[in-house]
2 protein chains.
Amino acid sequence: MISPKLVKPRILSGFMELAPCKQIIFNKMIDIITKTYENACFVPLDTPILELSEILLAKSGGEIDKEVYHFNKGDNDLCMRYDLTVPLARHVAMNSEAISFPFKRYQIGKAYRGERPQKGRFREFVQCDGDIVGLEDLPLTADAECIYIISKIFKNLNLDVLIHISNRNLLFGYCEDLNIKDTKSVLTILDKINKIGKDNAKNELLKLNLSETNCEKLLYIISLNGNFQDTIDKLTPLSQNQTYILGLNQIKELYRYIKAYEINEEQYCLDLSIIRGQDYYTGTVFETFMKSHPEFGSICGGGRYDNLAGYFTEKKMPGVGLSIGLTRLFDLLDKNNLLPPIAPTNTKLQIIPLGDYIEECLSLQSFFSQKLNCEVNYENRSFKSKMKEAGKKQIPYILIVGENEHNSKKYTLKNMITGEQNSLTKEDCLIQIKNNL
Amino acid sequence: MISPKLVKPRILSGFMELAPCKQIIFNKMIDIITKTYENACFVPLDTPILELSEILLAKSGGEIDKEVYHFNKGDNDLCMRYDLTVPLARHVAMNSEAISFPFKRYQIGKAYRGERPQKGRFREFVQCDGDIVGLEDLPLTADAECIYIISKIFKNLNLDVLIHISNRNLLFGYCEDLNIKDTKSVLTILDKINKIGKDNAKNELLKLNLSETNCEKLLYIISLNGNFQDTIDKLTPLSQNQTYILGLNQIKELYRYIKAYEINEEQYCLDLSIIRGQDYYTGTVFETFMKSHPEFGSICGGGRYDNLAGYFTEKKMPGVGLSIGLTRLFDLLDKNNLLPPIAPTNTKLQIIPLGDYIEECLSLQSFFSQKLNCEVNYENRSFKSKMKEAGKKQIPYILIVGENEHNSKKYTLKNMITGEQNSLTKEDCLIQIKNNL
């Protein structure tokens, strides 16, 4: 029973707070993603979580989306960032003189959306974004590099994924060729075909006054999906529209670069159903799915945009980027027992005093900690319960310091996995542990 | 000129946004602090930045400090966290059944205070906290471990510091002995003696109706400061008050443990002027100063508290912790040219095509990136300007891929530091780079 004076400890719904044994795994995943970005020479950026509403809502002309955490403080009208893209746009516009382009930056940080929490949706979530921003122009090698990085991130995370790639110019041009006026509405319908099904999509297209033939043509083209060469061969005869040809040539060029990067052919495909809702994508688009769990939906998406910072500067800054929603991905992996097999502890050695040898133990901690993660168990509890606890925590080595050990300076080292126990000098303990870890 | 349609890109005052070359150093410092905590087997915790006001303001009975970012969203009354201690208290109270105590956790994260920005003060700042929380009791070895960790963190950061240590029971007991009723007000005055000077402090004490003798006694005891043994010898005859003796015995015991940890004697001292304002400290207290720049003030403080989570649970949870305000420290180091000498780039190798060899370059990136951070410079710029840019970025190695290189598969590797240039196979390039980094 909690006394009425006490505040009941709890967190807000839609916010993830992990137990440390899980946080270790989450942090390890962040570490792997960070190292992969740095391996491709992306530089880190950390923008504030709070910005002026005028900045973060520039896109919507200042209109406040209900989802955004928004408030006033003093004279300032503030928002918590809801993605990492608008802050990037603001940063490059603000610092365009100092930045050397192409600017390859990664940012791993929290973003906020106060939407009604649903299964698998979070109000506070960690985004792991990488973008390559050019000044005036940016070659298609940048698009290939993003896809290369996706393939490496998931390989390093030990998750088997398939990257579905398309180019929006193909559908833009194809719609133009079919004399479709309202391309945006058509793409919105086609984008949700996996959710609503082919028949419903067709009905919605017919409602837009598309002819039966055009509907069938659209449903056919977005069904094209497979390895690049075969799919390119199927796409080639479909249209001579200029935008279409541009898209096809971009896909062909991209394919050359992806092959040069030696990405495993099993890891990517050309898939015309990949559209991505956001208006700002203008060329390459991609979504990433887990092969064993396509029902998770896309776990990493992105694409090419022609003008990142148009709300903040007249300089033209084309870019291409990828984004991983790590909080959602972690939650899905956790619930499906798919988390990478990382030990739930960073501790390599625990030193346990048997009797009044605490100072000797601290001195041993000082010695061992030069080379490995170690601690002294200085709790006022029984030796037996300490050993049990260490086993539960999966600590690999225990060092026991009792009277014999104190006198002989040979310490009892227990391997908690094999159960093996040896009497060794501290130097020999270190050698044995280092050899086995 | 910015067109009137554009939003001027800017950030809020009091918020730090570093250029990536500086962010690399900031992140490296976080990395060093993280590894030091993990080396002592602290586990990571990441609490939400947003919590219910009822939770974060439990201490103040829900009264909103002007500094706190506070707002409503839907039915929720929310705050952005202003420290990492209250969220820790909430976490341990909420999860006390699952946690094995002592709970040693570190948390490196942002906190928010919307105070009027002053020189060196930030509204968004990164705190690097480590705490050891016990259930019912916690031995003094934990206090020693915190001091050990401080000494290691700053050693690993290559900053020469002096840790000033005291124990609040000494002054509590001494005031009791002098029959002082309003100990809290007295300690508040003594705490700011370095700011206001000895004479002003004395005047303020006299205003509290302290006798001239008592004022002098207090000013004498808080002037005691030096190595532990000498200072303990000076403190021993001053009082027989029980609380005072308790404090003195705790200091003696702590000293034994610090010596056992083999912390360099030059790194710490006993300093009775260390009080720390916060009410909740009950025993050991400490502040850390840079030896070369004491005017920076304390860059890491902390201490022992008897009851961490009293607002959330009836379980008694004593703890001891340390806290580094990294944003402020980084800013001070930066402004005084004291940042650790870390390269402003993570890039080890940049591959530059000379002519139409982009695919060969991407393939080489794929090869080298297995072992080191590398990138292809695929910009549409002249070779000369690319070389100049690489020099400016302090990239240590450049690989040139032109017609000769393409034909012979021997690539021109240039060491940008020595200027040395060799024609080597990709395998030999890798060996040479790895040997020299």
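Parameters at a glance
Residues numbered from 1 in each chain as written. Chains lettered and ligands numbered in written order. Predicted model: local features only at pLDDT ≥ 70, side-chain atom pairs only at ≥ 80, totals over all residues. Heavy atoms only, no water. 1 Å grid on protein atoms, 1.4 Å probe; cavity = no way out; pocket = protein on both sides within 12 Å on 5 of 7 lines; lining within 4 Å. Points joined across faces, edges and corners; volume = space filled by probe spheres on them. Helix = DSSP H or I, 4+ residues; strand = E, 2+ residues; numbered from the N terminus. Nonpolar A, V, L, I, M, F, W, Y, C, P; charged D, E, K, R; others polar. Core = buried A, V, L, I, M, F, W, Y, C linked by side-chain atoms within 4.5 Å. Buried < 20%, exposed > 50% of the residue type's maximum accessible area, 1.4 Å probe, protein only. Contact = heavy atoms within 4.5 Å. Domains from an automatic or database assignment. Buried area = accessible area lost by both parts, 1.4 Å probe. Salt bridge = Lys/Arg side-chain N within 4 Å of Asp/Glu carboxyl O. Axes fitted to C-alpha atoms, helices over the stretch in contact; angles between N-to-C directions. Parallel < 35°, antiparallel > 145°, perpendicular 65-115°, else oblique.

1. What to know about empty space enclosed by the protein
Evaluation of the coordinates by the stated rule reveals four cavities of 30 Å³ or more. When its volume is computed, the largest cavity comes out at roughly 110 Å³. Along the walls of the largest cavity sit A:M16, A:L18, A:Q23, A:F26, A:K110, A:E124, A:F125, A:V126, A:T327 and B:D46, which together make up its complete lining. A per-element tally of the lining of the largest cavity places strand β6 (residues 124-133) of chain A first, with three residues. Its residues assigned to classes, the lining of the largest cavity shows five nonpolar, two polar and three charged. Volume-wise, the second largest cavity comes out at about 80 Å³. Looking at the second largest cavity, the residues that line it are A:D46, B:M16, B:L18, B:Q23, B:F26, B:K110, B:E124, B:F125, B:V126 and B:T327. For the lining of the second largest cavity, the elements supplying multiple residues, two or more each, are α1 (20-39) and β6 (124-133) of chain B. Broken down by element, the residue count for the lining of the second largest cavity peaks at three residues, all from β6(B). Considered class by class, the residues forming the lining of the second largest cavity number five nonpolar, two polar and three charged.

2. Some words on the nonpolar core
Counting 106 residues, the largest nonpolar core has A:L349, A:I351, A:F368, A:L399 and B:F154 as the members making the most contacts within it. The element that contributes the greatest number of residues to this core is helix α4 (residues 141-156) of chain B, accounting for nine residues. Setting aside chain neighbours within four positions, we find A:F368 in contact with A:L349, A:I351, A:C374, A:L399, A:K426, A:C429 and A:L430.

3. Observations concerning the domain arrangement of chain A
Residue and element names in this part refer to chain A. Domain boundaries in chain A define domain 1 (11-160 + 292-344), domain 2 (161-266) and domain 3 (349-436). Placing the centre of domain 1 and that of domain 2 at their C-alpha centroids yields a distance of 27 Å. Contacts between the two partners involve 13 residues from domain 1, matched on the other side by ten residues from domain 2. Here domain 1 and domain 2 share an interface that buries about 1100 Å² over both sides, 84% of which is from carbon and sulfur atoms. Of all residues in domain 1, L140, I147 and Y148 bury the most surface against domain 2, accounting for 48% of the area lost on that side. Run the count over domain 1 and domain 2 and you get zero salt bridges.

4. Side note on the packing of helix α13 (residues 358-368) of chain A against helix α11 (residues 242-260) of chain B
Interhelical geometry of α13(A) versus α11(B) gives an angle of 40° and a closest axis separation of 8 Å. As judged from the angle between their axes, α13(A) and α11(B) are oblique. Between α13(A), through A:I358, A:E359, A:L362 and A:S363, and α11(B), the contact on the second element is made entirely by B:R256, B:Y257 and B:A260. Across the contact of α13(A) with α11(B), the residue classes break down as four nonpolar, one polar and two charged.

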